[in-house]
Amino acid sequence: MTGMRLTAALAFALAMTAGAQAAEAPAGAASCSGCHAANSRVDTPVPPLAGRPAADIATAMAEYKSGARKGTIMDRIAKGFSDVETQAIAAWYAQQK
Amino acid sequence: MKSHTSRRQFLKTASAAALLPLPAIAQSAGPKVVVVGGGFAGASAARFVKQADPKIAVTLIEANPTFTACPFSNGVIAGLRPLRAQQFNYEKLGDAGVTLAFQPATGVDAQAKTVTLSGGTKLAYDRLVMAPGVDLRWDGLPGYDERAAAIMPHAWKAGEQTLLLRRQLEAMADGGTVVIVAPANPFRCPPGPYERASLIAYYLKTKKPKSKVIILDAKDAFSKQRLFQNAWAALYPDHIEWVALSKGGKVNAVDAATKTLKTDFADHKADVANVIPPQRAAAIAQTAGVADRSGWCPVDPVTFESKLVPNIHVIGDAAIMGAMPKSAFSANAQAKVCAAAVADLLAGKTAPEPRLINTCYSLVAPDYGITVAGVYRPKDGVLADIEGAGGVSPIDAPRENRALEAQFAEGWFKTITGEVFG
């Protein structure tokens, strides 16, 4: 996927999910906080997800999935989610504090 | 999401409620969820059911007011960290509005929907979440019972057993032989015996270089096998020997008095013997009728409700989760999905189809970490691997990646214990 198309797809997906923002986490989102601390006081090199722009999260996941971004473990995990699933997770985390 | 203020007010009210005696809680108006077991699965479930719907009265039943975590306890055995770094309490869960009952659960009446505590109190539930973990099978390996475990520790439940194994390693003379007996699948923490062998080898190489570790295995293959074996060849070529099932590794009986492990081919005499026996879902799961003849608990892969008894959910090591391994990460991930499902079901809604992730870090040395990961979805009545995802750390990854994974392992432990107990 090119950067332009990715951005357009993201903007669309984010607009869709923002409208239907539910309190309940989308499928897969609950697992992330096993490593990505919901509590910012935790001392860990793993970056938090809560409150980050959805596009940042979704782009990182897309790049891990394609291999454009090197990871230790996220490349293996990103491959388990479709773009739509990833975008829903990204949108939900963007709304969290 | 509730506004910040109303959430804070709720917390105050909930803290006060948490101090009330149990019978008062049992009469509260909202739906009642009881959780049995305060490990990674149960404590997470209690916390997230309460968070999903503060109107639900949540009671966590746990025998021990101090939780001692198994992940990273191999580091305690190798003298790399103190046991207190493994220990947590339930105060913050109480602050979050979860009622705590520090007594063993002794019975479940699925008809009346009550759980009985050892003190005789009966707690009513609308939904019961069972996360009792594993029992070691004292009938699973001839000669290995609770008394033998005081001489040949299992150290497969963290605490005094962990310290016992550490003391035995410290007391062992240089040139000694440590034998680890690894069980057949399934068991708690599939890479655990091999991480343990690695960190014990690290200790021996550093402190007692003429000694070695032998793993007598009831299997021909194990989790992250090539990664472990490559690392052993590089780091501990003289300190670890793995004996597979097909090479006579299966231990058929043990003799505690002489620390002897007996296989079809030989009697192995150990200076330190660490026997990890076969396991099954803890006794209360058998009592409740949620375990099948395998000794483990079959569950629906969407809600984790028992396939044998309605209104009881089973999560964590006790449950049969298909492709998902028995790990702390899995337990916590399952708990969060289960909590949302329980809240949905109590509200008359259908639980959505979940996706779950597992990540297991193992340390081969303090600065050498490796992982296995998986992503799972319900398929044909169990949780199945999503194909193309997951797998182990690259076999040819540079040493910097191993160091990074060791740092991430530490971060994972702080994060997950923070989420559950912090």
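That block above? That's the structure.
Since the model is a prediction, treat every value here as computed from it, not as a measurement. (Residues numbered from 1 in each chain as written. Chains lettered and ligands numbered in written order. Predicted model: local features only at pLDDT ≥ 70, side-chain atom pairs only at ≥ 80, totals over all residues. Heavy atoms only, no water.)

Q: Give me the interface of chain B and chain A: which residues, what numbers.
A: Accessible area lost during the coming together of the parts is what is often quoted as the interface size. Contacts between the two partners involve 36 residues from chain B, matched on the other side by 26 residues from chain A. Regarding the contact of chain B and chain A, the summed buried area is about 2,500 Å², with carbon and sulfur atoms giving 60% of it. Applying the counting rule to chain B against chain A returns three salt bridges. Across the contact surface, chain B and chain A share twelve residue pairs in polar contact (both at pLDDT 80 or more). When residues of the side of chain B that touches chain A are traced back to their parent elements, those giving at least two are α11 (328-346), β22 (356-365), β23 (368-379), β25 (391-392) and α12 (399-421) of chain B. Top contributing element to the side of chain B that touches chain A by residue count: α12(B), with eleven residues. (Contact = heavy atoms within 4.5 Å. Buried area = accessible area lost by both parts, 1.4 Å probe. Salt bridge = Lys/Arg side-chain N within 4 Å of Asp/Glu carboxyl O. Polar contact = N/O pair within 3.5 Å; in protein donor to acceptor, adjacent residues only side chain to side chain. Helix = DSSP H or I, 4+ residues; strand = E, 2+ residues; numbered from the N terminus.)

Q: Tell me about the packing of aromatic side chains, residues and numbers included.
A: All names here are of chain B. In the structure shown here, the tally under the stated rule is 17 aromatic pairs over all chains. Geometrically, the ring pair formed by F40 and F67 is edge-to-face, given 5.4 Å between the ring centres and 85° between the ring planes. With a gap of 27 residues between them, F40 in helix α3 (residues 40-52) and F67 in strand β3 (residues 66-68) connect regions that are remote in the sequence. This pair shows no difference in class: F40 is buried, exactly as F67 is. Taken together, a centroid distance of 4.9 Å and an interplanar angle of 25° make the contact between F67 and F421 stacked. Here the residue F67 occupies a position in strand β3, and F421 occupies one in helix α12, the gap between them amounting to 354 residues. Take F67 and F421: they sit in the same class, and that class is buried. Members of the aromatic cluster, each reached through a chain of ring pairs, are F40, F67, F72, F88, Y90, F102, W412, F413 and F421. Here R81 stacks its cationic end above the ring of F413, 5.2 Å away from the centre of that ring. Residue placement shows K326 over the ring face of W296; its charged tip is 4.1 Å from the ring centre. (Phe/Tyr/Trp six-rings, centres within 6.5 Å; stacked < 30°, edge-to-face > 60°. Buried < 20%, exposed > 50% of the residue type's maximum accessible area, 1.4 Å probe, protein only. Lys NZ or Arg CZ within 6 Å of the ring centre and 35° of its normal.)

Q: Describe the sheet that holds strand β17 (residues 272-275) of chain B, with residues and values.
A: All names here are of chain B. One open sheet accounts for four strands, arranged β13-β12-β11-β17; its pairing is parallel. Where the open sheet ends on each side, the last strands, each with one partner, are β13 (240-243) and β17. Averaged over neighbouring strand pairs, the angle between their axes works out to 15° when direction is ignored. (Pairing = 2+ DSSP bridges. Axes fitted to C-alpha atoms, helices over the stretch in contact; angles between N-to-C directions.)

Function cannot be inferred from these measures alone, as they are strictly geometric.
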